[in-house]
Structures are given as structure tokens and as C-alpha cells.
Amino acid sequence: MRELTYTQALREALTEEMERDPNIILLGEDIGNYGGVFRVTEGLIHKFGDKRVKDTPISEAGFVGLSVGMAMTGKRPVAELMFMDFALVCADQIWNQAAKLRSMSGGRVQMPLMIRSQQGGGRGNGAQHSQSFETFFTHIPGFKVVLPSTPADAKGLLKSALRDPNPVMFIEHKLLYNTKGEVPDGEHLVPLGKADVKREGTDLTIVSYSRQLLFALEAAET
């Protein structure tokens, strides 16, 4: 089995799904020629062109609102927030529009929208770039919230999220991008909404997600 970094696994998932589904369009700041601030989208603009990998102005409210409209009309946009903290700039578009339109329309309006972002401190990015907002989204009906811990989960969950008809908040962790792990060859999907047992035991059940899972596994070994 191959070993990939978390970043490579995410990029591979995006590449495979964009090849499979021509309706997937990426939008965000510096995701094109620059390759994204965390390099996840590096090279994708050269493979798919600037019609499907679109650099946007510095206006989260603008391009997330645009993504909501694209999803309503049959596309499958992936809006990347450079930092999780910027979700507050487009809060109305996320919480009042994307999350609710399918239910408010009685299912007549589909919302196959993904918002990709990252969270967490530890890199010295400053107070406005180091927060963890995942609980905001879990309290708003309409969103599926995904926080992968390993490269294999990052690829498998991202692919599953890109095939889901509902809006998905896909949240990565800044300090996971360079971590490495085995990733299965070929088609690899991890179902949404189902827990994965990472280590069998007899005494305790520890439930975790994102980077904290790695610490939980270390603690289990101790």
C-alpha cells in the first residue's frame, strides 16, 4: 500500500473526482497558479483549466454566495476558505442560505455544495487564523461536517463528500497536512456518518476526530 501525505491524499481525491464529474468546480483565493496556501490544489489549474479551478477576489461573501447559486443550478462547487476564521465573513451565505435552502424548498432545490477549509493553532498564524469553528456548523441544521484525521480518511471522506447531494463542511487541520500514512490504491471511499474503529480494546471507548485522534491513539498505547 502506498504512503501519502495528508495533502497528497486530498489532492488525489480532488483530481479523481474532477475527472469523474465535470460539474465539480473549485473556487477560492490563490487556489489556481499559486496552488493554495496549503498546496492542496497545486497543479490542478494546469490539468483542468481556469474554468474549473477559479481564483476569486478576496471576498468570501461573494464567492461562497456564487457557489450557492451554482449548486442550485446543477453544478457541484467546492468553495475553499483560505482560513476557517473567514467563515464569519460569509456567515449569511453559509448558515442562512446553503444550509437551509433544500429544506425550505421542500427538496425542490438541491445543494451539492462543499466548503473546504482548515482549522487549528500551533503554527503561529495569529489569533484571527488559528481558531476551530467546527462546532458552529454542527449546531446549524442542514450541514454534514467532516474532519478527517489520516491521509486515508482524508481521501476517502473527501470523495464521499463530493458525491453527497447535501452541503458538506470539510474541515482539515493545519498540522495534519505533512503527516503521512498508508492510502489504498484504486477507488477508496469512506462513508459519511459512520464511526471507524481505529484500535480495538476492552476497557474504554475514546471518541475523537481530526488531529486529536492521533493523540488518542498515542494515549491508548501508553
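Located above this text is the structure these notes cover.
Residues numbered from 1 in each chain as written. Predicted model: local features only at pLDDT ≥ 70, side-chain atom pairs only at ≥ 80, totals over all residues. Heavy atoms only, no water.

## Describing the pattern of salt bridges
So the rule is basically this: Should a side-chain nitrogen of Lys or Arg be within 4 Å of a carboxyl oxygen of Asp or Glu, the pair is scored as a salt bridge. Put simply, DSSP H or I for four residues or longer makes a helix, DSSP E for two residues or longer makes a strand, and each gets a number counted from the N terminus. Any residue under 20% of the maximum accessible area for its type is buried, any over 50% is exposed, and the rest in between are partly exposed; the area is computed with a 1.4 Å probe on protein chains only.
Going through the model one piece at a time under the given rule, you end up with 20 salt bridges. For the salt bridge of R20 with E17, the shortest nitrogen-to-oxygen distance reads 2.9 Å. Of the two residues, R20 and E17 both sit in helix 1 (residues 6-20), three residues apart, roughly one turn of that helix. With a relative accessible area of 0%, E17 lands in the buried category. R163 is the salt-bridge partner of E187, the closest N and O atoms lying 2.7 Å from each other. Linking E187 in the loop between strand 8 (180-183) and helix 8 (212-221) with R163 in the loop between helix 7 (151-161) and strand 7 (168-173), this pair joins segments that are 24 residues apart in sequence. Overall, the relative accessible area of 51% leaves E187 in the exposed class.

## Some points on the nonpolar core
Stated precisely, the cut-off is as follows: In these notes, a set of buried Ala, Val, Leu, Ile, Met, Phe, Trp, Tyr and Cys residues joined through side-chain atoms within 4.5 Å is what counts as a nonpolar core.
Formed by 30 residues in total, the largest nonpolar core has its most connected members in L10, L26, V53, L158 and F170. Elements represented by at least two residues in this core include exactly helix 1, strand 2 (24-28), helix 2 (44-48), helix 7 and strand 7. Counting residues in hydrophobic clusters, the runner-up holds 24 residues, among them V68, M84, F143 and I171.

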